[in-house]
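# Analysis of the macromolecular model
Listed below, chain by chain, are the residues.
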Amino acid sequence: MVPPSSQPASHPHDLLRFVGFLILHLANFATFAAILVFVCFTGQERYLAVLIPPYAVPCLLCVYASAISIPWSRRNPCRSLLWMFVMGALQGLQLKLLRKAYSQRRAISTGVPLLEAKGIG
């Protein structure tokens, strides 16, 4: 195994990828919302049939993925449904997975075993 001090530092690249994806995701979401508002206020509702499906497919996939991955609470089902909405319909699941991948890459590049990075060790 190569000692952590001799490994190439990949923090700037990982951070750049993390921030870049985050900005692209938020800009994409904001642009889509602005287009929908513009289309609705200008009376061009017929274009919604073209705009909604490309957005709905990833949303439905994220809702499904979040529904099978979140711990459901019997005491507070509204919280679970809200979590499913945020992680699914708002595609927050992609951001959660991005943060998890960034944390894992950062732990590997610093030489911290993954079990310690997760707090298990």
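In this report, we go over the structure that sits alongside the text.

Calculation notes
Residues numbered from 1 in each chain as written. Predicted model: local features only at pLDDT ≥ 70, side-chain atom pairs only at ≥ 80, totals over all residues. Heavy atoms only, no water. Phe/Tyr/Trp six-rings, centres within 6.5 Å; stacked < 30°, edge-to-face > 60°. Helix = DSSP H or I, 4+ residues; strand = E, 2+ residues; numbered from the N terminus. Buried < 20%, exposed > 50% of the residue type's maximum accessible area, 1.4 Å probe, protein only. Patch = residues over 30% accessible without salt bridge, like charges linked within 9 Å, V, L, I, M, F, W, Y side chains within 5 Å. Areas by Shrake-Rupley, 256 points an atom, 1.4 Å probe, with all protein chains shown as cover. Salt bridge = Lys/Arg side-chain N within 4 Å of Asp/Glu carboxyl O. 1 Å grid on protein atoms, 1.4 Å probe; cavity = no way out; pocket = protein on both sides within 12 Å on 5 of 7 lines; lining within 4 Å. Points joined across faces, edges and corners; volume = space filled by probe spheres on them. Nonpolar A, V, L, I, M, F, W, Y, C, P; charged D, E, K, R; others polar.

With that out of the way, let us pick up the packing of aromatic side chains. A full pass over the atoms with the stated rule returns three aromatic pairs. Judged by centre distance (6.1 Å) and plane angle (50 degrees), the ring pair of Phe29 and Tyr55 falls under tilted. Of this pair, Phe29 sits in helix H1 (residues 11–41) while Tyr55 sits in helix H2 (residues 48–69); the two residues are 26 residues apart in sequence, bridging distant segments of the chain. Overall, the relative accessible area of 29% leaves Phe29 in the partly exposed class. Residue class for Tyr55 comes out partly exposed when judged on its relative accessible area of 21%. Among the aromatic residues, those joined into a cluster by ring pairs are Phe29, Phe32 and Tyr55.

This brings us to a nonpolar patch on the surface. A grouping of Leu82, Phe85, Val86 and Leu90 is seen on the molecular surface, where their side chains present a nonpolar patch of about 340 Å² in accessible area. Tracing the sequence through the fold places Phe85 in helix H3 (residues 77–88). Its relative accessible area of 45% is what places Phe85 among the partly exposed residues.

Computed from the structure, the second largest pocket encloses a volume of approximately 150 Å³. Taken together, His25, Asn28, Phe29, Phe32, Pro54, Tyr55, Pro58, Gln91 and Gln94 make up the full set of residues lining the second largest pocket. Sorting the residues of the lining of the second largest pocket by element identifies H1 and H2 as the ones contributing at least two each. The biggest single contributor to the lining of the second largest pocket is H1, with four residues. Residue composition of the lining of the second largest pocket, grouped by class: five nonpolar, four polar and no charged.

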